[in-house]
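An overview of the molecular structure
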Amino acid sequence: MRLRVERLAPGIDRSHIWGSETVIEDQVLVEAACAIRPYLIELLGDDASKVDAELSALLEVESGHVGEVEPLRRVLERDEATREWLLEFLDDPAHVPPDLQAVRSSGVQFPDGNPVRAVRYRCPEADHYVWYRRTVTERVAECPDHACTLVSP
């Protein structure tokens, strides 16, 4: 399956199937590229740092030139593992990473009985890195590009 990136008018469903292609908004593809970065080691092993550097550079360009997302799509589609992750991300209505989809919908049950939802954090410098905090005891991650603590919007 190939992804075709398009700008859609506000109010139109973000992703839908046309034939064998998935049509997605630029903004959703950029979010996917930011959100996949913490998962690259798990998905790609030794190739993770190279792909992360590519995504980081492309996201830097994207921030200054709206609509330049085709190179992001090519990087995310290149490997089967990242392509499958992307498709699961796009299939979720909330557009969250696949391993968090159940957490975000049902919460994680803690011994005290209170569910805690995964909270989205981002780089305060450039928004190019997204990470989800699964528990309140988990230390907030740092942005690998800017060496700063991530913030929740």
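The structure displayed is predicted, hence computed values, not measured ones. (Residues numbered from 1 in each chain as written. Predicted model: local features only at pLDDT ≥ 70, side-chain atom pairs only at ≥ 80, totals over all residues. Heavy atoms only, no water.)

Side note on helix α5 (residues 80-91)
Along its twelve residues, α5 runs 16 Å from first to last C-alpha, staying within 8% of the 16 Å computed at 1.5 Å per residue. Every buried residue of α5 is listed here: Thr82, Trp85, Leu86, Phe89 and Leu90. The buried side chains of α5 occupy one side of the element, clustering within an arc of 135° when seen end-on. Opposite the buried face of α5, at more than 90 degrees from it, the exposed residues are Glu80 and Asp91. For α5, the N-terminal capping position is held by Asp79, with its side-chain oxygen 2.8 Å away from the main-chain nitrogen of Ala81. (Helix = DSSP H or I, 4+ residues; strand = E, 2+ residues; numbered from the N terminus. Expected span 1.5 Å × (residues − 1). Buried < 20%, exposed > 50% of the residue type's maximum accessible area, 1.4 Å probe, protein only. Arc of directions from axis to C-beta. Polar contact = N/O pair within 3.5 Å; in protein donor to acceptor, adjacent residues only side chain to side chain.)

Quick word on the packing of aromatic side chains
For the structure on display, the rule yields three aromatic pairs. For the pair Tyr121 and Trp131, a centre-to-centre distance of 5.6 Å together with 55° between the ring planes defines the contact as tilted. Taken together, the positions of Tyr121 in strand β6 (residues 119-122) and Trp131 in strand β7 (residues 130-133) put the pair ten residues apart, joining distant regions of the chain. By way of ring pairs, the aromatic residues Tyr39, Trp85 and Phe89 are connected into one cluster. (Phe/Tyr/Trp six-rings, centres within 6.5 Å; stacked < 30°, edge-to-face > 60°.)

Here we look at helix α1 (residues 26-36)
In terms of burial, α1 is largely enclosed, as ten of its eleven residues are buried. Here α1 has its buried residues at Asp26, Val28, Leu29, Val30, Glu31, Ala32, Ala33, Cys34, Ala35 and Ile36.

Details of the packing of helix α4 (residues 70-78) against α5
Between two packed helices, the angle of one axis relative to the other and the distance separating the axes together describe the packing. Remark: α4 packs on α5, axes separated minimally by 5 Å, with the N-to-C direction vectors making an angle of 115°. Considered as vectors, α4 and α5 are oriented roughly perpendicular to each other. Residue-level contacts link Val75, Leu76, Glu77 and Arg78 of α4 to Glu80, Thr82, Arg83 and Leu86 of α5. By residue class, the composition of the contact of α4 with α5 is three nonpolar, one polar and four charged. (Axes fitted to C-alpha atoms, helices over the stretch in contact; angles between N-to-C directions. Parallel < 35°, antiparallel > 145°, perpendicular 65-115°, else oblique. Contact = heavy atoms within 4.5 Å. Nonpolar A, V, L, I, M, F, W, Y, C, P; charged D, E, K, R; others polar.)

Section: the pattern of salt bridges
As enumerated under the stated definition, the model contains eight salt bridges in all. Taking the shortest distance from any N to any O, the salt bridge between Arg120 and Glu31 comes out at 2.8 Å. With Arg120 in strand β6 and Glu31 in helix α1, this pair connects stretches of sequence that are 89 residues apart. Overall, Arg120 belongs to the partly exposed group, its relative accessible area being 25%. Overall, the relative accessible area of 18% leaves Glu31 in the buried class. The residue Arg73 makes a salt bridge to Glu70 at a minimum N-O spacing of 2.2 Å. Separated by three residues within a single helix, Arg73 and Glu70 lie in helix α4, roughly one turn from each other. You can call Arg73 buried: its relative accessible area is 3%. (Salt bridge = Lys/Arg side-chain N within 4 Å of Asp/Glu carboxyl O.)

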